[in-house]
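Working through the structure, step by step
Below are the chains, spelled out letter by letter.
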Amino acid sequence: MEKEIDGVIYNVPCHVAVILDGNGRWAKKRHLPRNFGHKEGAKAVEQCCEDAWNLGIKCLTVYAFSTENWKRSVEEVTGIMNLLRNYLLNAIQRANKNNMRVRVIGERSKLAADIIEAIERLEDATKGNTGLQFTIALNYGGRDEIRRAMIKLAEKVKAGELEPSAITEDMISNNLDTWELPDPDLLIRTSGEMRSSNYLPWQIAYSEFYFTDTLWPDFKREDMIEAIRHYSMRDRRYGGVK
Ligand code: IPE
Ligand code: IPE
Ligand code: MG
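Okay, so let's go over this structure. (Residues numbered from 1 in each chain as written. Chains lettered and ligands numbered in written order. Predicted model: local features only at pLDDT ≥ 70, side-chain atom pairs only at ≥ 80, totals over all residues. Heavy atoms only, no water.)

**Let's talk about the pattern of salt bridges**
Cut-off, in case you're wondering: Any Lys or Arg side-chain nitrogen located within 4 Å of an Asp or Glu carboxyl oxygen qualifies as a salt bridge. Secondary structure elements follow DSSP: runs of H or I of four or more residues count as helices, runs of E of two or more count as strands, with numbering from the N terminus. Residue burial is assigned from relative accessible area. The probe radius is 1.4 Å, only protein chains are included, and a residue is buried under 20% of its type maximum, exposed over 50%, and partly exposed in between.
Considering all chains together, one arrives at 24 salt bridges under this definition. We note a salt bridge from aspartate 185 to arginine 236, for which the minimum N-O separation is 3.0 Å. Remark: arginine 236 occurs in the segment after helix H8 (221–232) and aspartate 185 occurs in the loop between helix H7 (169–174) and strand S7 (186–189); sequence separation between them is 51 residues. Since its relative accessible area comes to 15%, aspartate 185 is described here as buried. For glutamate 226, the salt bridge is made with arginine 229, and the minimal N-O distance between the two is 2.8 Å.

**Some words on the sheet that holds strand S3 (residues 15–19)**
To be explicit about the condition: Strand pairing is assigned whenever DSSP identifies at least 2 bridges connecting the two strands. For helices, the fitted line uses only the C-alpha atoms of the stretch in contact; every axis is such a line through C-alpha atoms, and the angle between N-to-C directions lies from 0 to 180 degrees. Any pair of residues with heavy atoms lying within 4.5 Å of one another is described as a contacting pair.
Pairing is parallel in the open sheet, where 6 strands are placed in the order S5-S6-S4-S3-S7-S8. Both outer strands of the open sheet, strand S5 (101–105) and strand S8 (208–211), are each paired with one neighbouring strand and no more. Ignoring strand direction, the axes of neighbouring strands in this sheet form an average angle of 20°. In this structure, S3 lies alongside strand S4 (residues 59–66), joined through 5 bridges in parallel fashion. Its bridge partner lying in S4, valine 16 is registered against leucine 60. Strand contacts of helix H5 (residues 113–125): S5 and strand S6 (133–140), with the helix running at about 140° to S5, the strand carrying the most contacts.

**Overview of the site of ligand 1**
Test applied: Here, proximity means that at least one heavy atom of the residue falls within 4 Å of the molecule or strand. Surface exposure here means Shrake-Rupley accessible area, sampled with a 1.4 Å probe, where a residue is shielded only by the protein chains that are shown.
Neighbouring ligand 1 are 13 residues; Asp21, Gly24, Arg25, Arg34 and Arg72 lie closest to it. Contact with the protein chains hides 87% of the accessible area of ligand 1, taken as 380 Å² for the molecule alone. Elements represented by at least two residues in the shell around ligand 1 include exactly helix H1 (23–29), helix H2 (34–54) and helix H3 (74–89). Ranked by residue count, the leading element in the shell around ligand 1 is H1, at 3 residues.

**Focus: unusual backbone geometry**
The backbone of asparagine 139 sits at a positive phi, close to 45°, despite the residue not being glycine. Position of asparagine 139 relative to the elements: it lies in strand S6. Positive phi, normally seen in glycine, also occurs at serine 191, with a value near 75°. Mapped onto the secondary structure, serine 191 falls in the loop between S7 and S8.

**Things to note about H2**
What counts here: An expected span of 1.5 Å times one less than the residue number is assigned to each helix.
With 21 residues, H2 extends 31 Å between its outermost C-alpha atoms, agreeing within 8% with the 30 Å of an ideal straight helix rising 1.5 Å per residue. Within the span of H2, buried status applies to Gly37, His38, Gly41, Ala44, Val45, Cys48, Cys49, Asp51 and Ala52. On its buried side, H2 packs onto H1, S4, H3, S6 and H8. Just past H2, the residue glycine 56 takes up positive phi, approximately 100°.

**Side note on the site of ligand 2**
Rules: In the analysis that follows, any N or O atom pair within 3.5 Å is treated as a polar contact, provided that within protein one partner can donate a hydrogen and the other can accept it, and provided that, for residues neighboring in sequence, both atoms belong to side chains. Following the grouping adopted for this structure description, the nonpolar residues are Ala, Val, Leu, Ile, Met, Phe, Trp, Tyr, Cys and Pro, the charged ones are Asp, Glu, Lys and Arg, and the polar ones are all others, Gly among them.
Around ligand 2 sit Ile19, Leu20, Asp21, Tyr63, Ala64, Phe65, Ser66, Asn69, Arg72, Arg189, Arg195 and Ser197, and that is every residue in its neighbourhood. Here arginine 72 contributes a side-chain N or O atom positioned 3.2 Å from an oxygen atom of ligand 2. One of the side-chain nitrogen or oxygen atoms of arginine 189 is found 3.3 Å away from an oxygen atom of ligand 2. For ligand 2, the protein covers 78% of the area, taking 390 Å² as the surface of the free molecule. The biggest single contributor to the shell around ligand 2 is S4, with 4 residues. The residue inventory of the shell around ligand 2, partitioned by class, reads 5 nonpolar, 3 polar and 4 charged.

**Observations regarding the side chain of asparagine 129**
Residue placement: asparagine 129 occurs in the loop between H5 and S6. Looking at asparagine 129, its side chain comes within polar contact range of the side chain of asparagine 96, at 2.8 Å. Among the polar contacts made by the side chain of asparagine 129, one reaches the main-chain carbonyl oxygen of methionine 100 at a distance of 2.9 Å. Setting aside its immediate chain neighbours within four residues, asparagine 129 contacts Ala95, Asn96, Asn99, Met100 and Arg101.

**Considering the packing of H3 against H5**
Rules: Left-handed describes a crossing in which the near helix is turned anticlockwise from the far one by less than a right angle; the clockwise case is right-handed.
Two numbers describe how H3 lies on H5: the axes approach to 10 Å, and their chain directions differ by 35°. In terms of crossing hand, the pair formed by H3 and H5 is left-handed. For the pair formed by H3 and H5, the contact residues are Met81, Leu84, Arg85, Tyr87 and Leu88 on the first element and Asp114, Ile115, Ala118, Ile119 and Leu122 on the second. Residue composition of the contact of H3 with H5, by class: 8 nonpolar, no polar and 2 charged.

So, in structure tokens, the structure goes:
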């Protein structure tokens, strides 16, 4: 979508997916414990939701905790889960104020019962909101998501409702956690790492990538505009010729 931002016309991506990375290094640089970085990172996520919507982005999907992140120390995992609890405390009120719809993707059954309950309440209370479609990937792993989708399709085959050869790409997409969302147009990863770390592997097949050295807690509106500026210059050919 074309939009004027600070006097310049940009082609703004509809769906932006972000691998928010570098919280630990942000804290380390300041000789602070890693969880301080996560706290600052959580604040940056809230600001990013507001900025994204004002810049014309319709869907924002952030990677908050991967299926692999359980490998971290108990102290760090507990710290992240408590930040999440804290976020969920007044998330409904804030989301409704901004007409923002919140969804959570990932394997939630492994999360604590009070967190699961708060997520369900948040999703339900914001389901009619038509502003930013904000999605949090929690205990999310792309391969795990595809595995779970395969189980659903295999069950249909087993029940005699589906011929294996009739499985389409759309059927696979529609059985992923992101079934209600369009594929990301732009994938951003902060902190200088250039890998996808099991994030939305099916959905980013044709996304544009933008990498920045900025650490996630330092990622501001200007950084998002810079990412949009890069995206605006890309020529998306989808395998064709232009
Ligand atoms: C990203 O920051 C947040 C999570 C993975 C939860 P990191 O914690 O990975 O930060 P670095 O990569 O150690 O700096
Ligand atoms: C990816 O970041 C996961 C999240 C941002 C939640 P990591 O910091 O865990 O990824 P790796 O280990 O560097 O690949
Ligand atoms: Mg990291």
